[in-house]
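Residue-level listing of the chains:
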Amino acid sequence: MFCCPLGSTIYVPLSPSFPTPHSSNRPKMEALAEDWVDDDSMISMMQEVETNLNLQNSRQESETQVKDSHREVKSFVGHLYKDMEPLGEDLQQEVEMEDKDLQQEVETEVRDSQQPIISLTPEQQLVIDLVREGKNVFFTGSGGTGKTMVLQHILKLLSERYDRAGDVVITAPTGIAAIPIGGTTIHRATGIGITRTKKDFDCMWTTAAKKWRSAKVWIIDEISMVSAELLDHLEQNLTKIRTYKPKDVPKPFGGLQVIFAGDFFQLQPVPEKPNYKLKDQFLNRGLAFEAAAWHRADLQTVVLKNIFRQGDGHFIRMLNDIRTGENPAALEDIAKQCSRDLSVEDGILPTVLYSKNKDADEYNIKKLNETLPDEKDVIWINPNLDKPVVLVANEYIRPEASKSNYLYRQQYDQLRAAEFWTHCHALENITLKIGAQVMLVRNMQLAGKESDLVNGSRGVVVGWTSREEKLEKITWKLSLFRTPKFKTNPVEDRLLHIAGKLSQSTIEFIPIVAFRNGRVIDCDPEMFDYQVLKVGLCTRVQVPLKLAWALTIHKCQGLTLDYVIVNLKYIFAEGQVYVALSRARSLDGLQIIGNASRSYVKVSPRVVQFYKTLARIETHPVTRPEEGIAAPEEETVEPDRKHTLSTTENPFEKCPEEVFLENMSPVICYHCSKEGHPAWACKLEKLLRINS
Ligand SMILES: Nc1ncnc2c1ncn2[C@@H]1O[C@H](COP(=O)(O)OP(=O)(O)OP(=O)(O)O)[C@@H](O)[C@H]1O
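Bear in mind the structure is a predicted one, so any value in this text is a computation, not a measurement.

**Q** Can you help me understand the site of the ligand in this one?
**A** Surveying the vicinity of the ligand reveals 17 residues, the closest of which are Gly-144, Lys-147, Thr-148, Arg-309 and Arg-583. Between the ligand and the protein, one listed contact pairs an oxygen atom with a side-chain N or O atom of Lys-147 at 2.8 Å. Take Arg-583: an N or O atom from its side chain is 2.8 Å from an oxygen atom of the ligand. When the free accessible area of the ligand is taken as 640 Å², the share hidden by the protein chains comes to 84%.

**Q** Teacher, can you tell me more about the packing of aromatic side chains here?
**A** How two aromatic rings sit relative to each other is given by the distance of their centres and the angle of their planes. Scanning the model with the defined rule gives 18 aromatic pairs in all. Consider the rings of Trp-212 and Trp-218, whose centres lie 5.0 Å apart with planes at 75°: the pair is edge-to-face. On the basis of relative accessible area, Trp-212 is assigned to the buried category, the value being 0%. For Trp-218, a relative accessible area of 0% translates into the label buried. Look at Trp-218 and Phe-253: their rings are 6.1 Å apart centre to centre, the planes differ by 65°, and that puts the pair in the edge-to-face class. Placement of the pair is Trp-218 in strand 5 (residues 217-220) and Phe-253 in the loop between helix 11 (228-242) and strand 6 (257-261), with a sequence separation of 35 residues. Here the aromatic cluster, defined as three or more aromatic residues joined through ring pairs, consists of Phe-138, Trp-212, Trp-218, Phe-253, Phe-260, Phe-264, Phe-265, Phe-289, Trp-294, Phe-610 and Tyr-611. Between Arg-323 and the ring centre of Tyr-611, over which it is positioned, the NZ or CZ distance is 5.5 Å.

**Q** Honestly, helix 6 (residues 147-161) in this entry has me stumped. Any pointers?
**A** Taking 1.5 Å as the rise per residue, helix 6 with 15 residues should run 21 Å; its terminal C-alpha atoms sit 21 Å apart, in good agreement. Taken together, the buried positions of helix 6 are occupied by Lys-147, Val-150, Leu-151, Ile-154, Leu-155, Leu-157 and Leu-158. Looking straight down helix 6, one finds its buried side chains confined to an arc of 165°; they lie on one side. Residues of helix 6 that are exposed and angled more than 90 degrees away from the buried face: Lys-156 and Glu-160. Buried residues belonging to helix 6 abut helix 5 (122-132), strand 2 (137-141), strand 3 (168-172), strand 5, strand 6 and strand 7 (300-304).

**Q** What exactly am I supposed to notice about the packing of helix 13 (residues 313-324) against helix 14 (residues 330-337) here?
**A** How two helices pack is summed up by the angle between their axes together with the distance between the axes. Interhelical geometry of helix 13 versus helix 14 gives an angle of 140° and a closest axis separation of 8 Å. In terms of orientation, helix 13 and helix 14 fall into the oblique class. From helix 13, His-314, Phe-315, Met-318, Asp-321 and Ile-322 reach across to helix 14, where they touch Ala-330, Leu-331, Asp-333, Ile-334 and Gln-337. A per-class count over the contact of helix 13 with helix 14 returns six nonpolar, two polar and two charged.

**Q** How should the nonpolar core be read in this particular structure?
**A** A general feature of soluble globular proteins is that nonpolar side chains tend to end up buried together. By size, the foremost hydrophobic cluster in this structure holds 42 residues, and its most contacted members are Trp-218 and Trp-294. Those elements giving two or more residues to this core turn out to be helix 8 (186-189), helix 10 (209-214), strand 5, helix 11, strand 6, helix 12 (292-296) and helix 22 (605-617). Counting residues per element, this core draws most heavily on helix 11, at six residues. Beyond its immediate stretch of four places on either side in the chain, Trp-218 contacts Val-169, Thr-171, Ile-186, Trp-212, Leu-234, Leu-238, Phe-253, Leu-256, Gln-257, Val-258 and Ile-259. Core analysis: the second largest hydrophobic core is formed by 34 residues, Leu-267, Leu-559, Ala-580 and Leu-581 among them.

**Q** For this particular structure, what's the right way to read the pairing of strand 21 (residues 564-567)?
**A** Judged by which residues are buried, strand 21 turns out to be covered on both faces: Val-564 and Val-566 on one side and Ile-565 and Asn-567 on the other are all buried. As judged from the three bridges shared by strand 9 (residues 351-354) and strand 21, these two strands associate in the parallel manner. Within strand 21, the residue paired with Leu-353 across the bridge is Val-566. Remark: the strand 21/helix 21 (residues 576-581)/strand 22 (residues 590-593) crossover connection has right-handed handedness.

**Q** Even after reading the chapter, I still don't get helix 5, so can you show me in this structure?
**A** Residues spaced three or four apart along an α-helix point in a common direction, a consequence of the helix completing one turn every 3.6 residues. Most of helix 5 sits inside the fold, with eight of its 11 residues counted as buried. Every buried residue of helix 5 is accounted for by Glu-123, Gln-124, Leu-126, Val-127, Ile-128, Asp-129, Leu-130 and Val-131. Elements in contact with the buried residues of helix 5: strand 2, helix 6, strand 6, strand 7 and strand 8 (306-307). A positive backbone phi angle near 85° is found at Gly-134, which sits one or two residues after helix 5.

Reading guide: rules and limits
- Residues numbered from 1 in each chain as written.
- Predicted model: local features only at pLDDT ≥ 70, side-chain atom pairs only at ≥ 80, totals over all residues.
- Heavy atoms only, no water.
- Near = heavy atom within 4 Å.
- Polar contact = N/O pair within 3.5 Å; in protein donor to acceptor, adjacent residues only side chain to side chain.
- Areas by Shrake-Rupley, 256 points an atom, 1.4 Å probe, with all protein chains shown as cover.
- Phe/Tyr/Trp six-rings, centres within 6.5 Å; stacked < 30°, edge-to-face > 60°.
- Buried < 20%, exposed > 50% of the residue type's maximum accessible area, 1.4 Å probe, protein only.
- Helix = DSSP H or I, 4+ residues; strand = E, 2+ residues; numbered from the N terminus.
- Lys NZ or Arg CZ within 6 Å of the ring centre and 35° of its normal.
- Expected span 1.5 Å × (residues − 1).
- Arc of directions from axis to C-beta.
- Contact = heavy atoms within 4.5 Å.
- Axes fitted to C-alpha atoms, helices over the stretch in contact; angles between N-to-C directions.
- Parallel < 35°, antiparallel > 145°, perpendicular 65-115°, else oblique.
- Nonpolar A, V, L, I, M, F, W, Y, C, P; charged D, E, K, R; others polar.
- Core = buried A, V, L, I, M, F, W, Y, C linked by side-chain atoms within 4.5 Å.
- Pairing = 2+ DSSP bridges.
- Right-handed = clockwise from strand over helix to strand, strands pointing away.

These figures capture arrangement, not role.
Here it is in structure tokens:
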């Protein structure tokens, strides 16, 4: 017995009856049942919703859509299975003789269906254990130590523990960082919008107070880009919002469990320029660890030490020198080794990283316009397809409340307004043509090292295959698979999974992409999901590609790039050189252009000081890590305060001042820039001085 591989729920399309903010050129949307939901129940649900929403005009249209799409799914699957009788041994041999290539493809499918298993390092496991114990946690580490991956494990754990919408608030300072973890920007989650003055934080009371009162956990990824001033203002408001009974004792963050992840040696918040016309201007100053709120939170700190992105110890050491600023000349050393031009391998050009958006955008458009396919590299299936093809995504919204119409509408509106639609890494429209330089925007989870295609893997469009042709191929592979030779179920699952994704997309032509590791694959439309806990799911179905002639350094934070040119022109920010260089997997795939002066390596002394202090307060796992390549020791200071999993100490409960005294050394006032006191105490200090 077979079932459609995508689950068992109903997708509601973003249709004209529920206009979206950006629906202008979206194709006609289909509603598709993923499993065998009978037509009548689905239609009656749609009827109910629409009657209540006074959308009678669209009723007939939706009904037809539902019927059409059901018919489509059924005929689609029927089509796949019509030739599914197992082939006899003779016929099988004949097939093998006739079509070795196809046979190989099937074998690849078998291999790809075996998912690699990732085992966590002790430090990564420790983070998860501390979160499970309900501790406030900050975990950090160089680029590529698995911070994002650990967050994904944490999210899984928390989704099992909490079952109400809004229990876990997942945020990051930018949309680009928030979307991959299924989160939203801090400004949006707290309802403060664009903050120009301190008064703007009052919006939290009107827009988000109810939500924050019932929240249990707050996650912030890329914490290095959150300013101390922002964190303090939010924490003060949160504490007030959540301490509403007179007898309640105020707790840090109003008693929320907070989880912060990030690397302060990477990109930092941009302070606002003072505008003296604005009264009480919000200036976005300081780094998060300088906030009073940080110290109040009594964070358990874990430093992830094993780097997985790069495999070459020498490169890792040089990157670390640049990261910590210990040896800025390492930039010149890398530049010496990487100043040669990277060769064009199988038509794949390296991605150029620019500091400025304008440079990256201009370069991408110029290159797309210039690109003419090199005949020998092209797999032609339709000569007209040397023209650019615009691939338009299909988008679906799936609210969770299917019983209450009022709630359904509320959830629908919430999902429709999600930032996901603007920040999803797969674009609403993408224009490609043969020869276009592209990169993956999601991990392909294929087995074996050589098949490792991840978010950031570079390739070139070498041809197109039609959806029709693809479906025929899948049918053929399924029939081959069902011979005694290929018995394992994962292959069937995988093929049906691909078929399921195709059924959710109206994209007619699918790009064939040759990647640097030699794999040539059809980049089928993928489902990009964005789950709002207990509210529902937004899904964009699009090919997982984006143009990759150029990117900005800010947009590549978090990516692994295997073929990259770093343009050092206009490098301006602290941590920017490190972020750019640490995207590369190896020196072989890295080129540096521009004057590689050590003066470009900018590292904040406050960050250096902070990481020195961390060596004293970090929590250590009971055993030492064994996997990955250990980053060079950042620090020679012997840890004098080792915490283990059994630590129960909570200094804040004893006396807040003691916490500040213990951690005094990194505290710098973002208000007056002096060391030794947090900003909120600054005014107090001035007063004391005047009084004395
Ligand atoms: N325990 C592990 N075993 C194998 N691979 C791992 C492990 N942890 C992380 N990785 C891999 O290392 C790569 C980098 O991980 P990830 O992007 O989570 O790092 P990061 O610390 O968030 O990097 P950055 O700071 O640059 O954003 C990913 O491909 C991830 O799958």
